[in-house]
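# Coordinate analysis (summary)
Given next are the chains, with one letter for each unit.
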Amino acid sequence: MDGTRNVFATKAGIIVVGVLIGILAALLQKLGNPGNMGICVACFDRDITGAVGMHRAELVQYLRPEILGFVLGSFGAALIFREFKPRGGSAPLARFVLGMTAMIGALVFLGCPWRTLLRLAGGDGNALLGLAGLVVGVWIGTLFFKQGYSLGRSGKQSYGTGFLMPLLIAGLLLLRLIYSPVAGQAQSGVLFYSLKGPGAAYAPLAVSLGIGLLVGFLAQRSRFCTMGALRDLILFKQWHLFSGFLALLAAALLTNLVVGQFHPGFEKQPVAHTQALWNFAGMLVAGLSFALAGGCPGRQLFMSGEGDADAGVFVFGMIVGAAFSHNFGLASSPTGIGPHGVAAVVVSLFFCLVIGLSNIERARA
Amino acid sequence: MSDIVDARGLSCPQPVLLAMAKMKSKASGEIEVIVDNQVSRENVSRAARSQGWEVRDEQREGDDTHLMLTR
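Numbering of residues starts from 1 in each chain and follows the order in which that chain's sequence is written. Each chain takes a letter, starting from A, and each ligand takes a number, starting from 1, following the order in which they are written. Local features in this predicted model are restricted to residues of pLDDT 70 or higher, and side-chain atom pairs are both shown and tallied only at a pLDDT of 80 or more, whereas totals for entire chains, interfaces and linings draw on every residue.

### Details of helix 2 (residues 38-50) of chain B
What counts, and what does not: Going along the chain from the N terminus, every DSSP run of H or I of four or more residues is numbered as a helix, and every run of E of two or more is numbered as a strand. Multiplying 1.5 Å by the residue count of a helix minus one yields the expected span of that helix. Note on burial: count the other C-beta atoms lying within 10 Å of the residue's C-beta; 20 or more is buried, 12 or fewer is exposed, in between is partly exposed, and C-beta positions come from the backbone. Once C-beta atoms are placed from the backbone, any two residues with those atoms within 7 Å are in contact.
Counted at 1.5 Å a residue, the expected span for helix 2 of chain B with its 13 residues is 18 Å, and the 18 Å between its end C-alpha atoms agrees. The element helix 2 of chain B is extensively covered by neighbouring structure, given that ten of its 13 residues are classed as buried. For helix 2 of chain B, the full list of buried residues reads B:Gln38, B:Ser40, B:Arg41, B:Glu42, B:Asn43, B:Val44, B:Ser45, B:Arg46, B:Ala47 and B:Ala48. Contacts from the buried residues of helix 2 of chain B go to helix 9 (226-236) and helix 10 (240-259) of chain A together with helix 1 (14-25), strand 2 (30-35), strand 3 (54-61) and strand 4 (64-70) of chain B.

### Observations regarding the interface of chain B and chain A
When the parts of a complex come together, some accessible area is lost, and that lost area is often taken as the interface size. Quick reminder of the rule: For this classification, Asp, Glu, Lys and Arg are treated as charged, while Ala, Val, Leu, Ile, Met, Phe, Trp, Tyr, Cys and Pro are nonpolar and the rest, including Gly, are polar.
Facing 22 residues of chain B, the contacting portion of chain A comprises 23 residues. If you tally residues by element for the side of chain B that touches chain A, the top one is helix 2 of chain B, at eight residues. Of the residues assigned to the side of chain B that touches chain A, the class counts are ten nonpolar, seven polar and five charged.

### Quick word on the environment of A:Tyr202
All names here are of chain A. Looking at the secondary structure, you find tyrosine 202 in the loop between strand 4 (191-192) and helix 8 (205-222). Using a count of 24 C-beta atoms within 10 Å as the deciding quantity, one classes tyrosine 202 as buried. Considered as a pair, tyrosine 202 and phenylalanine 163 are 39 residues apart in the sequence and their alpha carbons are 29 Å apart. Leave out the neighbours within four places in its chain, and tyrosine 202 touches Gly32, Asn33, Tyr62 and Ser208.

### Points about the packing of helix 3 (residues 65-80) of chain A against helix 8 of chain A
Residues and elements named next belong to chain A. Counted only if it meets this: Only the stretch in contact is used when a helix axis is fitted, and all axes are lines through C-alpha atoms; the angle between N-to-C directions ranges over 0 to 180 degrees. Roughly parallel refers to an angle under 35 degrees, roughly antiparallel to one over 145, roughly perpendicular to one between 65 and 115, and oblique to any angle outside these ranges. Crossing handedness follows the turn of the near helix against the far one: under a right angle anticlockwise gives a left-handed crossing, and clockwise gives a right-handed one.
Where helix 3 meets helix 8, the closest approach of the two axes is 6 Å, and the angle between their N-to-C directions is 40°. By the angle between their directions, the pair helix 3 and helix 8 is classed as oblique. You can see that helix 3 and helix 8 cross each other, and the crossing is right-handed. For the contact of helix 3 with helix 8, a count of residues per class yields 16 nonpolar, eight polar and two charged.

### Focus: the pairing of strand 4 of chain B
All names here are of chain B. This is how it is decided: Following DSSP output, two strands are said to pair if at least two bridges run between them.
Residue alternation in strand 4 divides its side chains into a buried set, Thr65, Leu67 and Leu69, and an unburied set, Asp64, His66, Met68 and Thr70. As paired strands, strand 2 and strand 4 are joined by six bridges and run antiparallel to one another. Looking at the pairing, isoleucine 31 lines up with leucine 69 of strand 4. Relative to strand 4, strand 3 runs antiparallel, the two being bridged by six bridges. Each bridged residue has a counterpart across the sheet, and for aspartate 57 the counterpart in strand 4 is leucine 67.

### Digging into unusual backbone geometry
Cis geometry marks the peptide bond from B:Cys12 to B:Pro13; its omega dihedral reads 0°. Relative to the helices and strands, B:Pro13 resides in the loop between strand 1 (4-6) and helix 1. Of note, A:Leu110 is a non-glycine position whose phi angle comes to about 85°, a positive value. Along the polypeptide, A:Leu110 turns up in the loop between helix 4 (92-109) and helix 5 (113-121). Phi at A:Arg223 is positive, roughly 65°, even though this residue is not glycine.

### Details of the sheet that holds strand 3 of chain B
Residues and elements named next belong to chain B. Taken in spatial order, the four strands make up an open sheet running 1-2-4-3, and their pairing is mixed. Both outer strands of the open sheet, strand 1 and strand 3, are each paired with one neighbouring strand and no more. When the angles between neighbouring strand axes are averaged without regard to direction, this sheet yields 20°. Packed onto the sheet, helix 1 meets strand 1 and strand 2 and runs at close to 170° relative to strand 2. Contacting strand 2, strand 3 and strand 4, helix 2 runs over the sheet at an angle of about 0° to strand 4.

### Re the packing of helix 6 (residues 126-146) of chain A against helix 11 (residues 276-293) of chain A
In a pair of packed helices, the angle between the axes and the distance between the axes together describe the arrangement. Put simply, helix 6 of chain A and helix 11 of chain A touch, their axes get as near as 6 Å, and they point 35° apart. Taken as a pair, helix 6 of chain A and helix 11 of chain A cross one another with a handedness that is right-handed.

### Some thoughts on the pairing of strand 3 of chain B
Burial runs low along strand 3 of chain B: only zero of the eight residues are buried. Counting the residues in the hairpin turn of strand 3 of chain B and strand 4 of chain B gives two residues, including B:Gly62, whose phi is positive at 65°.

Structure follows, in structure tokens:
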């Protein structure tokens, strides 16, 4: 049998998926999600962190259904196509810390790679610096891989372990259904909600969840990964995933032009700041973290739905990273970087380098 | 038998990196790559074809797939 019989894993398949994500993300903005943030895995994980009270930044608390849909959609696709494989045990603590550094870096820039593209597609020039940082971060990651960097092999896990992530996510969805937002109230049951700011901007539940499920399903089939797109291009000169990356950007840009969401410039862009160096450096740290961990934040969610416990550990690292970011003033805001944003970038970069340098197999042997 | 690449349990991009290194070290001949998931199978096959190698998908053994690359 042919190794590429999966239609979504063909060139046309990955482009179609990129186009769909681009259009749907831009439409989510039209339907209520924050500006240039139709889908942002870092921001949305951060909002979920706030919704469960692990940080109390009032403007960014919402249990984003898109994220839940990503994991459950991927879980469904993996089950249907018999790709659900419980696995794990490849340097979990290193992956957890990389999740933290990825999130801390992303929140200095204010976006994951998906949002970097969506910000560009909305005309936000600051995202050019973020994209440059992402490329350089991934490039540094490829240097580690060329030297023999590896977090080691994963092994088979029990089905119970594989089901943990989908089960936890289903539990969060249940909470979201039980404790729906109440107009004018910052709390509903155990969940926290924002009354203003990005956390108060969201599309209707059914739309967010439906699009999340669809994207999760398609991304599982196509292996869509924004970090992998850059990595494979740099490492192997391979355009496969990168064509999906470009498709997302082009589709979001066209959709924004059609629905009037394209506003070129650097100043006053939605949920963005103009400190070029830190937009670059934040995303460099995030890009390096994604590369060392083997997937962008979206891809980590999809893999966690397929039973990859290591990806699940990375996701929880991101959640804890988000809590640190907002509890300790590491995260940026539209007024600029946080009081400890510079320290956050430096410390995160240090941890990435420790993990990178200490896991080069040639040196270890 | 140095022409077997065991990529089981490794995540992207390592299966492709290992297979590529082996392909570069041999101008022609046969290389067997063992993978244990569909993603690595797709990625290694795609990379091998792009390098002008032919890919034959061997029978599966449990979760493992043995890919035979020839040129």
